[in-house]
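# Working through the structure, step by step
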Amino acid sequence: MKLDVNALGTFYRMAREGAGLAAGRLTHMTDVETRAGVTKLNFMRGREIRRDFEDSTAKVGVRVELTGAIDGYSVIVFERENALRIVETLLEESATDADATNDDGELEEFDEMTKSAATEVGNIMNNGFIDGWADVLETVIDVSTPEFIEGHSAETFFDDVEEAPAGDDLALLFQSQIETIETQVGFSHYLFPERESMASLLEQLRASDGIEYDKLDGFDRMAERGAEEVAKTATTLTGIDTSVEIRRLNFVSLETIPEQVPDERLVGVAFEFDGLPSGYLLFLFDEESANEIIDAMVPMEVDEDGFGQMGQSAIKELGNIMASGFLDGWANVLDTTIDHSTPEFIHDIGAAAVDPVVIQLGEEQEFAFVFDTVIVADGQEFDCEIYAIPDESDLERALNDLDVDRIEQAPTTAEFQNVTDS
Amino acid sequence: MKTYGTEPGAPTPVQVGISELTVSDGDDTLKSYGLGSCVAIALYDPETEIGGLAHTMLPDGDAAENSDRKPGKYADTAIRALLRRMVERGASYTSVEAKLAGGSDMFDFDSFGDGVGQRNIAAAKAELEKLGVPLVAADLGGDRGRTVEFTPGTGTLMVKSSNEDGTQEVTEL
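Attention in this report is confined to the structure presented alongside it. Note that the structure is predicted; figures quoted are calculated from it, not measured.

Moving on, we get to the sheet that holds strand S2 (residues 14-15) of chain B. As a general point, the strands of a sheet are linked pairwise by backbone hydrogen bonds and lie either parallel or antiparallel. Residues and elements named next belong to chain B. Pairing within the open sheet is mixed, and its five strands lie in the order S2-S4-S9-S10-S11. What marks the edges here is a single partner per strand, and that holds for S2 and strand S11 (168-172). One ladder, built from five bridges, connects strand S10 (residues 156-162) with S11; its direction is antiparallel. The residue bridging serine 161 from the neighbouring strand is glutamate 169, located in S11.

This part takes up the packing of helix H1 (residues 5-30) of chain A against helix H4 (residues 112-137) of chain A. Residue and element names in this part refer to chain A. Between H1 and H4, whose axes approach to 7 Å, the crossing angle comes to 140°. Judged by the inter-axis angle, H1 sits oblique to H4. The chirality of how H1 crosses H4 is right-handed. Contact with H1, carried on its side by Thr10, Arg13, Met14, Ala15, Glu17, Gly18, Ala19, Leu21, Ala22, Arg25, Leu26 and Met29, involves Val121, Ile124, Met125, Asn127, Gly128, Phe129, Asp131, Gly132, Trp133, Asp135, Val136 and Leu137 of H4 and no other residues of that element. When the residues that make up the contact of H1 with H4 are grouped by side-chain class, the tally is 14 nonpolar, five polar and five charged.

So, on to the packing of aromatic side chains. Summed over the entire model, instances satisfying the criterion amount to 14 aromatic pairs over all chains. A ring pair is formed by tyrosine 12 of chain A and phenylalanine 367 of chain A, whose centres lie 5.5 Å apart and whose planes are at 70°; its orientation type is edge-to-face. Linking tyrosine 12 of chain A in helix H1 with phenylalanine 367 of chain A in strand S15 (residues 367-377), this pair joins segments that are 355 residues apart in sequence. Here tyrosine 12 of chain A matches phenylalanine 367 of chain A in class, with each residue buried. Look at phenylalanine 107 of chain B and phenylalanine 109 of chain B: their rings are 5.3 Å apart centre to centre, the planes differ by 25°, and that puts the pair in the stacked class. An aromatic cluster is built from Tyr12, Phe251, Phe367 and Phe369 of chain A, whose rings are joined through pairwise contacts.

Residue and element names in this part refer to chain B. Mapped onto the fold, alanine 137 is located in strand S8 (residues 135-140). For the pair alanine 137 and leucine 157, spaced 20 residues apart in the sequence, the C-alpha separation amounts to 9.1 Å. Dropping the residues within four chain positions of it, alanine 137 is found in contact with Ala98, Lys99, Leu100 and Leu173.

Cut-offs and rules
Residues numbered from 1 in each chain as written. Chains lettered and ligands numbered in written order. Predicted model: local features only at pLDDT ≥ 70, side-chain atom pairs only at ≥ 80, totals over all residues. Heavy atoms only, no water. Pairing = 2+ DSSP bridges. Helix = DSSP H or I, 4+ residues; strand = E, 2+ residues; numbered from the N terminus. Axes fitted to C-alpha atoms, helices over the stretch in contact; angles between N-to-C directions. Parallel < 35°, antiparallel > 145°, perpendicular 65-115°, else oblique. Left-handed = near helix turned anticlockwise from the far one by under 90°. Contact = heavy atoms within 4.5 Å. Nonpolar A, V, L, I, M, F, W, Y, C, P; charged D, E, K, R; others polar. Phe/Tyr/Trp six-rings, centres within 6.5 Å; stacked < 30°, edge-to-face > 60°. Buried < 20%, exposed > 50% of the residue type's maximum accessible area, 1.4 Å probe, protein only.

Okay, structure coming up:
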């Protein structure tokens, strides 16, 4: 099975189109203003998908089986509370009796009626996505009757789905968010395509030789090594105990990247890097974290307003060493050399820090692989978001040159291995 | 990001995401967050109070394959699409005026050449000139990010940027 940017781009359009249709239908149904939020294609290991679910919030889902142009499963997952809120809105509309509501008129439990209302909502959303894909692919996808699922862990949702990836398997996952403008009801959508059906779709959509799917393992290993190196160097330099919280490989349209960044003033360090691959690397901290880091790195009391010269140079120094660690991690896996520029300091609205990079890459490419990483510290403010955005053609070349057998030999640390693998 | 089911006259500003463009009229406000090297293009017809905002990221749409699908992504195609949609709604081409904001260059990377922001500014100005649309006000360049809010009815473009010491600067164009 091989994939290329053209095929992934089509997949991306499918997900985006589907999210738009689903949002439109949700609006139609509930009279609540909605919009399609960020759409991503993720490459995730099975255990990471499961870890996503282990945030102890109760969830409900509506699952359908697909046959036709895509075989597999499509699952809409709401946080339980959000699902109840949507159902509440729906039932208000139809002015039903309020058996399931408490004194405040709020729903607490799913009874038969609310369950069927939730299933209906989920099903209409699922169908929105699927119609969107069918439109893009100009084909027909058949959908089974919907199944309502309620639970706390991934097992309830995915364990009887044969297509759901095992702990070590890398799956291509479609993730979309739909937000209601005022009430902030989001949900996630997951598609688990059957491998063979996916392979034949990719075959149809591919416009170039592309990359062997198995080489994506190299991607994942790059992301893993890069993130670990950063956490390690950050700890060494600041004395703050840090660890990797999120590490994800996304395939997105370039303009999505600034939209993901928090809409607040951030402190960042940016680099361009050159080699195989070349691209851009950004470390973004919220202001509080940046201040903690400066306190940790600059031993004396600094009398500066905002981020003065002393603070800036501390942040730049940290960024510089983290960048070296990150890119060395990549270079090790890819067996290449990657050099990086001197650090550029920025203190501005998040999106404004990212758009110059997106614009520069946008001259040549429409989509990008983004290595999203979040580093956090226990009991202390140290939130660092890392965006590594390589030049697409360089990355394809680097991956093609990669010897898959070698990946297995590249040593890794235990960071991600002790995560519950169910 | 597309918004579905937006009611006309709704008090919340309509968000114009990167690569998008929106045409509206009256007291509606159109908002774009966190422009770095992107350029916000605001066009309006003072007589009919019809106007639009585009959040463009690249200079040259004529050279790109997907500019039909995403006219708002490129300065040149965005200006033409805004004009067309405004005229369709009843604006008169000859009275349309333009305001621009954005196009900062925050990073001094070798690969950026003359600066990605500068290229966008030049493209937007050139297209306006080609189409004979007067540029009546602009807040361009520099190295700070901007958030803009545009009201087609009055033609007011509010530009907010933050200074290094954390204070906010608001410019009304």
